[in-house]
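Structural overview for review
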Amino acid sequence: MKTQEWGALKPVVLCADDFAVNASASRGIAQLAAMGRISATSAMVLSPRWSQDVALLQDLRGRIDVGLHLDWTSEFAEASGHGLSLGKAMLKAVLGGFDQATARDVIECQLEAFEACWQAPPDYVDGHQHVQQFAGIREALVQALDRRYGASQLKPYLRISRAPPALADLKSRVISVMGADALELIAAHAGITGAGALLGIYDFTGDEARYAGLMAGWLRAAPPLSIIMCHPALKAEAGDVIGAARAQEFAYLSGADFPEALAMAGVQLARFQVRDDKLKSAGE
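From a predicted model like this one, the values you see are computed outputs, not experimental measurements.

**With respect to the pattern of salt bridges**
In this structure the tally under the stated criterion is 17 salt bridges. A salt bridge links R246 to D18, with the shortest nitrogen-to-oxygen separation between them at 3.1 Å. Taken together, the residues R246 in helix α10 (residues 243–253) and D18 in strand β1 (residues 10–19) connect sequence positions 228 residues apart. On the basis of relative accessible area, D18 is assigned to the buried category, the value being 2%. E108 is paired through a salt bridge with R147; the nearest N and O atoms lie 3.1 Å apart.

**Here's the deal with the environment of S176**
For S176, the location among the structural elements is in helix α7 (residues 170–177). Note on S176: relative accessible area 18%, which makes it buried.

**Looking at the side chain of S24**
Among the secondary structure elements, S24 is positioned in helix α1 (residues 23–34). Taking the relative accessible area as the measure of exposure, S24 reaches 0% and is therefore buried. A distance of 2.8 Å separates a polar atom in the side chain of S24 from a polar atom in the side chain of E237. Residue contacts for S24: discarding those within four places in its chain leaves A233, L234, K235 and E237.

**Some remarks on the confidence of the model for the protein chain**
With 93% of its residues at a pLDDT of 70 or more, the protein chain has an overall mean of 92. pLDDT under 50 marks residues 1–6. Its contacts with residues more than four places away, or in other chains, come to 17 contacts. Below a pLDDT of 50 lies the segment residues 274–281, which in the model reaches 28 contacts outside its immediate sequence neighbourhood of four places, other chains included.

**Some details on the pairing of strand β2 (residues 40–43)**
Along β2, one buried face is formed by A40 and S42 and the opposite face, lined by T41 and A43, is buried too. Bridging between β1 and β2 involves three bridges; their strand directions are parallel. Its bridge partner being in β2, C15 is matched across the sheet by A40. The β-α-β motif built from β1, the intervening α1 and the parallel element β2 has right-handed crossover chirality. Here β2 runs beside strand β3 (residues 65–70); their pairing, made up of four bridges, is parallel. Opposite T41, over in β3, you have V66 as the bridge partner.

**Description of the environment of D18**
A C-alpha to C-alpha distance of 5.9 Å links D18 and S42, two positions 24 residues apart in sequence. Residue contacts for D18: discarding those within four places in its chain leaves A25, I29, S42, M44, H69, H128, H231 and R246. At 3.0 Å, the side chain of D18 forms a polar contact with the side chain of H69.

**Quick look at the side chain of K10**
Tracing the chain through its elements places K10 in strand β1. Polar contacts involving the side chain of K10 include one to the main-chain carbonyl oxygen of R220, which spans 3.2 Å. Setting aside residues up to four positions removed in sequence, K10 forms contacts with L219, R220, A221, A222, P223, P224, G266, V267 and Q268.

**So, α7**
Residues S172, I175 and S176 constitute the buried set of α7. Down the axis of α7, the smallest arc covering the buried residues is 95°, so these residues share one side. Of the residues in α7, the exposed ones pointing more than 90 degrees away from the buried face are L170, R173 and V177. As for α7, its buried residues are in contact with α8 (180–189). At the exit of α7 stands G179, carrying a positive phi of roughly 135°.

Parameters at a glance
- Residues numbered from 1 in each chain as written.
- Predicted model: local features only at pLDDT ≥ 70, side-chain atom pairs only at ≥ 80, totals over all residues.
- Heavy atoms only, no water.
- Salt bridge = Lys/Arg side-chain N within 4 Å of Asp/Glu carboxyl O.
- Helix = DSSP H or I, 4+ residues; strand = E, 2+ residues; numbered from the N terminus.
- Buried < 20%, exposed > 50% of the residue type's maximum accessible area, 1.4 Å probe, protein only.
- Polar contact = N/O pair within 3.5 Å; in protein donor to acceptor, adjacent residues only side chain to side chain.
- Contact = heavy atoms within 4.5 Å.
- pLDDT = per-residue confidence, 0-100.
- Pairing = 2+ DSSP bridges.
- Right-handed = clockwise from strand over helix to strand, strands pointing away.
- Arc of directions from axis to C-beta.

This is the structure:
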């Protein structure tokens, strides 16, 4: 991957997860992308909203990375017949792992659903609640990506859900131990790039001021071309367990203080990689 000269600015990917989880999330994410306040978004293609909400991203094509939010643990996955609670999915991963053949079928279906609406491969793949690195799923995912895009000059990259050591609290350590190192290794063997540092992990509690403080810390600590995940939405929707946090994230990211935080940290929001093999900043 070629990189652009950034001078004193540090390129960081700010990725809004859960596009299509509900209407407020989709509209909020699209608005932030149009403002240049995020540089990537991950789509939940099992959601019945995906086929209609994808229209919100069309004018942003080529300006942000658009990826697949691989899903095993949402209500949409349960409705599709393969879903499990997060606890059951983690236990299955630890006790021998998912059946790789079955997992590959699920992954292929989600890749097909992404491409059918976006009319292009995903720029990257990550996972809802980090399932992309669970045992059995991670092997099947690398196999599927290699089969579908192995001849491509630029394959989709993978999120490696591993916090920088200085930010590795209990929650981030649990996420990482579920297979970050293993996914990175098998992906490298297949020639698939992994974005190897993930920030933005927190408990979704507190007010907007707390989130602003957390974001300032993530921006300072983020290695170049690492990913900070966020979960914004225009408002909290009924039944969304992190709806209040989503609304607070949107309020901060769309407000006047966020650009100042970027400047203070010396950060330029950027795409990780693009199809023409030139790194670009968000909003170009």
